[in-house]
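So you can see what is in the structure, the chains are spelled out below.
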2 protein chains.
Amino acid sequence: MTIETAIEAVRKVLGPRLETTEAARSLHGQNEGYYPVTPPDAVASPETTQEVSEILRICNTEGCPVVAWGTGTSLEANALALRGGICLDMSRMDKVLDTQPEDMLAVVQPGVTREALNEELRATGLFFPVDPGANASLGGMASTRASGTTAVRYGTMRENVMALEAVLADGRIIRTGSRARKSASGYDLTKLLIGSEGTLGIITELTLRLQGQPEAISAAVCAFPDVASAVDTVITTIQMGVPMARIELLDAVQIKGLNQHFNATMEEVPQLFLEFHGSDSAVKEQAEIVAEIAADHGGKGFEWSTRPEDRSRLWKMRHNAYFAAKALRPGCRVVTTDICVPISKLAQAIADTQADMAGSTVKGPILGHVGDGNYHTALLVDPDNPAELEEAKSLAARMAKRALAVGGTVTGEHGIGVGKMKFMAEEHGQGWSVMADIKRTFDPRNILNPGKVVEIN
Amino acid sequence: MTIETAIEAVRKVLGPRLETTEAARSLHGQNEGYYPVTPPDAVASPETTQEVSEILRICNTEGCPVVAWGTGTSLEANALALRGGICLDMSRMDKVLDTQPEDMLAVVQPGVTREALNEELRATGLFFPVDPGANASLGGMASTRASGTTAVRYGTMRENVMALEAVLADGRIIRTGSRARKSASGYDLTKLLIGSEGTLGIITELTLRLQGQPEAISAAVCAFPDVASAVDTVITTIQMGVPMARIELLDAVQIKGLNQHFNATMEEVPQLFLEFHGSDSAVKEQAEIVAEIAADHGGKGFEWSTRPEDRSRLWKMRHNAYFAAKALRPGCRVVTTDICVPISKLAQAIADTQADMAGSTVKGPILGHVGDGNYHTALLVDPDNPAELEEAKSLAARMAKRALAVGGTVTGEHGIGVGKMKFMAEEHGQGWSVMADIKRTFDPRNILNPGKVVEIN
């Protein structure tokens, strides 16, 4: 009865902002992956850090699980309340609290989405660069250590969060980091919380590092005879120090999906989508250098443009690649993979995956943030065919094992959630038990998103 | 007698590489700061991770303190064995184990110095960018989260270490991170160890992120009427997105010191030393933009050059600023400060410090990594005058308090060591007790560099 007792106590704090309706619970049991709907017992919508602190104090006393929820766009069921309890919907904590253009930073509540922040920043000449595609909440992005298309230039959430306020399992409120751009003052609690998927504390405020809006932006697209040529182009580009803003690989299947979805006519071969940020002359120079490198590797039809409409069309396609992939097989669910390997191993990793998929009943497109060595497959499965789901999972497991064998990671940016737990022991070895020790220290009653990241008793 | 027992047991492992001579102990009790010589009881020089593991296992059983030692160049006595025990001299673990130019990474043992690594990398077209001035060991740099003149462009050790091997207090060997450029796989143990000053584990291997050697490098120098004008130049430059490689402020006193030390004739006013990395046209464009910004803020005599000899002369001066400062007062010791504030607060912080110093008996130059909001004073004190040392410490404490009041940190890059411990509670609040909890989890017997970073019983 501890969960029920906790819910009643939290209701006294939040009033109608504690919901137990079927509709609210079911909405917060959804996920973008292939996992079954898993409703929490209640949905709490705090508006202040103090309320989060009170809720956690109650739940810690009662041993009630607490899972934070941003926009529900994560792909690994990271915010699914596997053991029931209270879902903390952070969407009412959606204020931009402070913007300091001179210091190139903004302080936000966790429910602010990245698009809402960039809208608010427009007039300042600054922007927040991390772009996972979905209009995710910044708290959720920090919790999963999200990145996306621009990480090759601007880094991931790891590099772009300067400071946090977080509530610990027992209700204590801590502040980590500072507004200084660097510090050598003690253990890096900010980085420890980023990527912890809500298992060590609930993020209630983020201080984010901003970037200047580039004077000029150009985009380009280029077709390649095969994946290896495209990847070699990327390796040379990065080694030459061209500061690419985006450099995305889409395989022939993904291009086919986009052609269908957007009624486009791209050649159905591997393509690179690229973006350059800088001064007028810098983006011109960068595009020319990359065009030459691409040509050396058999690239064809390299076209670049600074026209905003060309650029938005390109990135609209890229951002909708997931939905275009889904549309290749109407009614399907998607098993997403998120391998990240050293870039020298990327072409082989993708070739192995293509060969593996060719011998499998499960198919799907491949696309990747190739500048980071990170690629995804979207394995399209019939939700009513358990054998297909199993085949997709074992295909994904083989990719994961091959990635670990070459010094990579099973998740570049989606997080562990549910689907990657089974690889943790192999990826981290003894380090995984150290993570479990840290979890026990932060959350001895295991109330914070239990069952995620680590396994503890 | 536990320390003695441990020493004898370690002697059985290392033979003559365990030293207890006065000379060895005294050498490893030195520091670059103003702290008295504090010799450890013994100096152990392991050659393998396995030896480090055996030593830690012994010391954990015996409760014997263990402090790792790189090159002894840290400024806060970070590697001083405050409670005696064994100093682990890592200088024999000095191999570059692997270089992967395509992946732009190198794997090194902790005793490799940054200059030795860059020497070895020369033919690859790559370099390791973090440059604290001193030819420090990479293990030491990671442990103190070092940075220096190039952090404004390339980041600190935090951003440039991809993976670690470390030995925990009980002798377990863990591997953190991977060779992938990003990962969302679990708690960031790499970042937790970086900056932990040897209190959570001993780093035995580092995987480092490398950068392409720029096609062109130019350097520039520019004089300003006052510190505020120089800092405003920096703020505008960074907001405009000019990718400065170095941007260093030296105040009039520091310039005077350099003039004396190097027989130079720079105008004794605040100066910026700058460096640009990029293509030939990019460094030209960057220098022109900055020249214009500087002129708008009253900068005079902006000169830039791509001649290597001009550049090395400039950075030789900058790198020897500490020694030039010391030479301003022969026989002195130096109390170094390491404030880092949001850049918008930097001009005021320096002005407050100058005013404070003007009313004090203790003087010294000011210089800073202004792109990061980080500045140092080198307070020159007579080692035989305790009153002066006290005055320097209280001057430093007032700077620290002012930095914390504007959202800064008391140490941008030197680490906590001995001198910054007294500010930890104020800087981190509840977060400091969380750090202590982490320390207890990693090192329950408190054998790893005890007395540093956190206070535990």
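Here the structure is a predicted model, which means the values were calculated and not measured.

For the rest of this paragraph, the subject is the sheet that holds strand β4 (residues 86–89) of chain A. Residue and element names in this part refer to chain A. As summarised here, the arrangement of the four strands in space is β1-β2-β4-β3, forming an open sheet in which the pairing is mixed. Where the open sheet ends on each side, the last strands, each with one partner, are β1 (18–19) and β3 (66–69). Summarising the sheet, strand β2 (residues 42–44) and β4 pair through three bridges and their orientation is parallel. Each bridged residue has a counterpart across the sheet, and for Val43 the counterpart in β4 is Cys87. In this fold helix α3 (residues 49–62) packs onto β2, β3 and β4, with an angle of close to 170 degrees to the strand it touches most, β4.

The subject of this paragraph is the pairing of strand β18 (residues 366–369) of chain A. Residue and element names in this part refer to chain A. Where burial is concerned, the two faces of β18 agree: the one with Ile366 and Gly368 and the one with Leu367 and His369 are both buried. Note that strand β13 (residues 244–250) and β18 share two bridges and pair antiparallel. Its bridge partner being in β18, Leu249 is matched across the sheet by Gly368. Of the strand pairs in this sheet, β18 and strand β19 (residues 374–381) are connected by four bridges, and their pairing is antiparallel. When the bridges of β19 are listed, Leu367 appears paired with His376. Counted between consecutive antiparallel strands, the loop separating β18 from β19 contains four residues, among which Gly373 sits at a positive phi close to 75 degrees.

Before going further, it helps to examine the nonpolar core. Within the largest apolar cluster, 188 residues are counted, with the highest numbers of intra-cluster contacts made by Leu117(A), Met157(A), Ile438(A), Leu117(B), Met157(B) and Ile438(B). In this structure Met157(B) touches Phe128(B), Val130(B), Leu138(B), Met141(B), Ala142(B), Arg145(B), Ala146(B), Ile194(B) and Leu208(B), once residues within four positions along its chain are discounted.

Here we take up the interface of chain A and chain B. With 77 residues of chain A at the interface, the matching set in chain B holds 77 residues. For the chain A and chain B pair, buried surface summed over both sides reaches about 6200 Å², with 55% attributable to carbon and sulfur atoms. In this assembly, chain A and chain B are joined by four salt bridges. In this structure, Lys182(B) and Glu413(A) form a salt bridge, with 2.9 Å as the shortest nitrogen-oxygen distance. Scanning the region where chain A abuts chain B turns up 40 residue pairs in polar contact (both at pLDDT 80 or more). Only α7 (157–160), β9 (173–177), α8 (189–193), α9 (227–239), α11 (280–296), α16 (424–428) and α17 (430–442) of chain A provide two or more residues apiece to the side of chain A that touches chain B. In terms of residue count, α17(A) provides more of the side of chain A that touches chain B than any other element does, ten residues in total. Of the residues belonging to the side of chain A that touches chain B, the class tally is 27 nonpolar, 31 polar and 19 charged.

All names here are of chain B. Relative to the assigned elements, Gly417 resides in the loop between α15 (386–405) and α16 (424–428). Separated by 35 residues in sequence, Gly417 and Lys452 have C-alpha atoms that sit 6.0 Å apart. Beyond its immediate sequence surroundings of up to four residues, Gly417 is in contact with Glu76, Asn78, Glu197 and Lys452.

Below, the discussion takes up the environment of Ala327(B). Residues and elements named next belong to chain B. You can see Ala327 is positioned in helix α13 (residues 321–327). A residue is classified by how much of its surface remains accessible, and Ala327, at 37% relative accessible area, is partly exposed. Each C-alpha atom, one on Ala327 and one on Ile202, is 36 Å from the other, the two residues being 125 residues apart in sequence.

The next point concerns the domain arrangement of chain A. Taken domain by domain, chain A holds domain 1 (2–91), domain 2 (94–212), domain 3 (216–323), domain 4 (327–422) and domain 5 (423–457). The straight-line distance from the C-alpha centre of domain 1 of chain A to that of domain 3 of chain A is 41 Å.

Inspection of every chain in the model, using the stated rule, returns eight aromatic pairs over all chains. Centroid distance Phe273(B) to Trp315(B): 6.3 Å. Interplanar angle 80 degrees. Geometry classified as edge-to-face. Taken together, the residues span a long stretch of sequence, with Phe273(B) in strand β14 (residues 271–278) and Trp315(B) in helix α12 (residues 308–319) at a distance of 42 residues. By relative accessible area, Trp315(B) is classed as buried at 5%. Sitting above the plane of the Trp315(A) ring, Arg246(A) keeps its charged end 4.8 Å from the centroid.

What counts as what
- Residues numbered from 1 in each chain as written.
- Chains lettered and ligands numbered in written order.
- Predicted model: local features only at pLDDT ≥ 70, side-chain atom pairs only at ≥ 80, totals over all residues.
- Heavy atoms only, no water.
- Pairing = 2+ DSSP bridges.
- Helix = DSSP H or I, 4+ residues; strand = E, 2+ residues; numbered from the N terminus.
- Contact = heavy atoms within 4.5 Å.
- Axes fitted to C-alpha atoms, helices over the stretch in contact; angles between N-to-C directions.
- Buried < 20%, exposed > 50% of the residue type's maximum accessible area, 1.4 Å probe, protein only.
- Core = buried A, V, L, I, M, F, W, Y, C linked by side-chain atoms within 4.5 Å.
- Buried area = accessible area lost by both parts, 1.4 Å probe.
- Salt bridge = Lys/Arg side-chain N within 4 Å of Asp/Glu carboxyl O.
- Polar contact = N/O pair within 3.5 Å; in protein donor to acceptor, adjacent residues only side chain to side chain.
- Nonpolar A, V, L, I, M, F, W, Y, C, P; charged D, E, K, R; others polar.
- Domains from an automatic or database assignment.
- Phe/Tyr/Trp six-rings, centres within 6.5 Å; stacked < 30°, edge-to-face > 60°.
- Lys NZ or Arg CZ within 6 Å of the ring centre and 35° of its normal.

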